[in-house]
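Fold and contact review
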Amino acid sequence: MSALTATALAHPNIAFIKYWGNRDQSIHLPQNGSLSMCLDGLYTTTTVRFDPQLTADSLVLDGSPVQGAGLVRVQQFLDHVRRLAEKDIYAQIESSNNFPAGAGIASSASAFAALALASTSALDLQLSEPDLSRLARLGSGSACRSIPGGFVEWQAGETDLDSYAFSLFPPDHWELLDLIVILDRAHKATGSAAGMALAHTSPLQKQRVTEAPMRLDFCRQALLERDFTSFAAVVELDSNWMHAVMQTSAPPLKYLLPATEDILDSVLGWRAEGHSVCATVDAGPNVHILCLPQEEAFLRQELSQLPEVLELITATPGGGARLLSVTA
Ligand code: DP6
């Protein structure tokens, strides 16, 4: 058998309704459904080459070889793919991001979405979109939401079989912008897997999870109607719930910096003045300001005056994971 190579591209996504806590950590069966937007302008490109001559899997990320836990996570993921294809061959993986890893932009989402598509295509496994989303989920929960395009919902599901993501609306449904305010480029001290493993220790997690379906319904409806006021209210409520759980976990987790809090306060003030802006924060200090396109110039003007702001990145609703090439 000759070497089989495929290259795929996937966008990261920003969650409007968050995933934080698993029923089964080993296969990322979430405690609640979540909802996100794929981020065009940001992407991971991954080439996978399976070759019978190789004696181990290897990974090169942004030009540097990866060893240790990062490599093990990818090897374990490839084991799922090998099992599905019933093939016992190793792979060389080369992956690159056009955005800073560990910058509060979930790079594991685009990474495992691109890897799922490239690795299955290289082995000529033709998976349906739900099956590809389920597979990506095994690598990283949020990766299942980077398989379909546009505005995406991950249904929590009962088992591995029905826990996958699907597109609610295509990218052109609503011209929302995500202005990502980078305040810190360092890798976060507690990654999301370790952080969400503590969610059950928070006295607030149960209620956050119980009320998540209500917030999902509300957010889906706001998106359908392109109702920014309702959208802003539910997105901020959901982000606050997640950070309240983080801060009341044992030990407590605090991802927000003083500058994060300042920007969140400013966003509230701007909205009170009539601007169509709201904010959400993942497991890191950087702020995702979601807004209508006419607000971008104003926001850039305001934010560029703050010394804590290292970089501003604009993303628009993006498509799903896509295959760039396959060669035998
Ligand atoms: C805060 O998907 O990165 O971004 O499944 O352990 O890889 P693992 O976690 P991950 O968690 C994402 C958490 C979040 C919220 C979200 O994107 O829904």
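1. Quick word on the pattern of salt bridges
A side chain with one charge can pair with a side chain of the opposite charge if their charged atoms come near. According to the stated counting rule, one finds 14 salt bridges in the structure shown. We note a salt bridge from Arg134 to Asp131, for which the minimum N-O separation is 2.8 Å. Pair noted here: Arg134 and Asp131 are both in helix α3 (residues 129-139), with a separation of 3 residues, about one helical turn. Arg300 is the partner of Glu296 in a salt bridge, and the nearest nitrogen-oxygen pair spans 3.1 Å. One end of the pair is Glu296 and the other is Arg300, both in helix α8 (residues 296-303) and 4 residues apart, which spans about a single turn. According to the relative accessible area criterion, Glu296 is partly exposed, its value standing at 23%. What you see here is one network of salt bridges that share partners, running through Asp131, Arg134, Arg137 and Asp160.

2. Considering the nonpolar core
General note: in soluble globular proteins, nonpolar side chains tend to be found buried as a group. In this structure, Phe50 and Leu115 are the most contacted members of the largest nonpolar core, which totals 34 residues. Elements supplying a minimum of two residues to this core: β1 (4-10), β6 (44-50), α1 (68-85), β9 (91-97), α2 (107-122) and α3. Among the elements that make up this core, the one with the highest residue count is α2 (8 residues). With 28 residues, the next largest nonpolar core counts Ile17, Leu42, Leu176 and Phe231 among its residues.

3. Some thoughts on the site of the ligand
Near the ligand, the surroundings consist of 17 residues, among which Tyr19, Ser140, Gly141, Ser142 and Arg145 are the closest. Within the side chain of Ser142, one N or O atom sits 2.6 Å away from an oxygen atom of the ligand. Here Arg145 contributes a side-chain N or O atom positioned 2.8 Å from an oxygen atom of the ligand. In isolation the ligand has 460 Å² of accessible area, and contact with the protein removes 97% of it. Examining the composition of the shell around the ligand, we find that 3 residues originate from one element, helix α4 (residues 192-196), more than from any other. Here the shell around the ligand is built from residues that sort into 7 nonpolar, 6 polar and 4 charged.

4. Topic: the packing of aromatic side chains
Under the definition given, this model contains 9 aromatic pairs. Both rings, one in Tyr19 and one in Trp154, keep their centres 4.7 Å apart while their planes meet at 65 degrees; by these two values the pair is edge-to-face. Of this pair, Tyr19 sits in the loop between β2 (13-17) and β3 (22-24) while Trp154 sits in strand β10 (residues 151-154), placing them 135 residues apart in sequence. Neither residue differs from the other here; Tyr19 and Trp154 are each classed as buried. Joined through ring pairs, the aromatic side chains of Phe16, Phe151, Trp174, Phe228 and Phe231 make up one cluster.

The rules behind each value
- Each chain carries its own residue numbering, running from 1 in the written order of its sequence.
- Per-residue local features are limited, in this predicted model, to residues with pLDDT of at least 70; the limit for side-chain atom pairs, both in listing and counting, is 80 or more; totals at the level of whole chains, interfaces and linings are taken over all residues.
- To get the side-chain values, take all heavy atoms of the structure and skip hydrogens and water.
- We define a salt bridge as a contact between a side-chain nitrogen of Lys or Arg and a carboxyl oxygen of Asp or Glu at a distance within 4 Å.
- A run of H or I in DSSP becomes a helix once it reaches four residues, and a run of E becomes a strand once it reaches two; helices and strands are each numbered from the N terminus.
- Residue exposure (1.4 Å probe, protein chains only): buried if accessible area is under 20% of the type maximum, exposed if over 50%, otherwise partly exposed.
- Only buried Ala, Val, Leu, Ile, Met, Phe, Trp, Tyr and Cys residues count toward a nonpolar core, and they belong to the same one when joined by side-chain atoms within 4.5 Å.
- Whether a residue is near a molecule or strand depends on its heavy atoms: if one lies within 4 Å, it is near.
- The definition of a polar contact used here is a pair of N or O atoms within 3.5 Å, where within protein one atom must be able to donate a hydrogen and the other to accept one, and adjacent residues in sequence count solely through side-chain atom pairs.
- Using a 1.4 Å probe, accessible areas were evaluated by the Shrake-Rupley method; residue-level cover was limited to the displayed protein chains.
- Three categories are distinguished: nonpolar for Ala, Val, Leu, Ile, Met, Phe, Trp, Tyr, Cys and Pro, charged for Asp, Glu, Lys and Arg, and polar for the others, with Gly belonging to the last.
- Side-chain rings of Phe, Tyr and Trp, where Trp is taken by its six-membered ring, are said to pair if the distance between their centres is within 6.5 Å; with planes under 30 degrees apart they count as stacked, over 60 as edge-to-face, and otherwise as tilted.

All we've got here are geometric facts, nothing functional implied.
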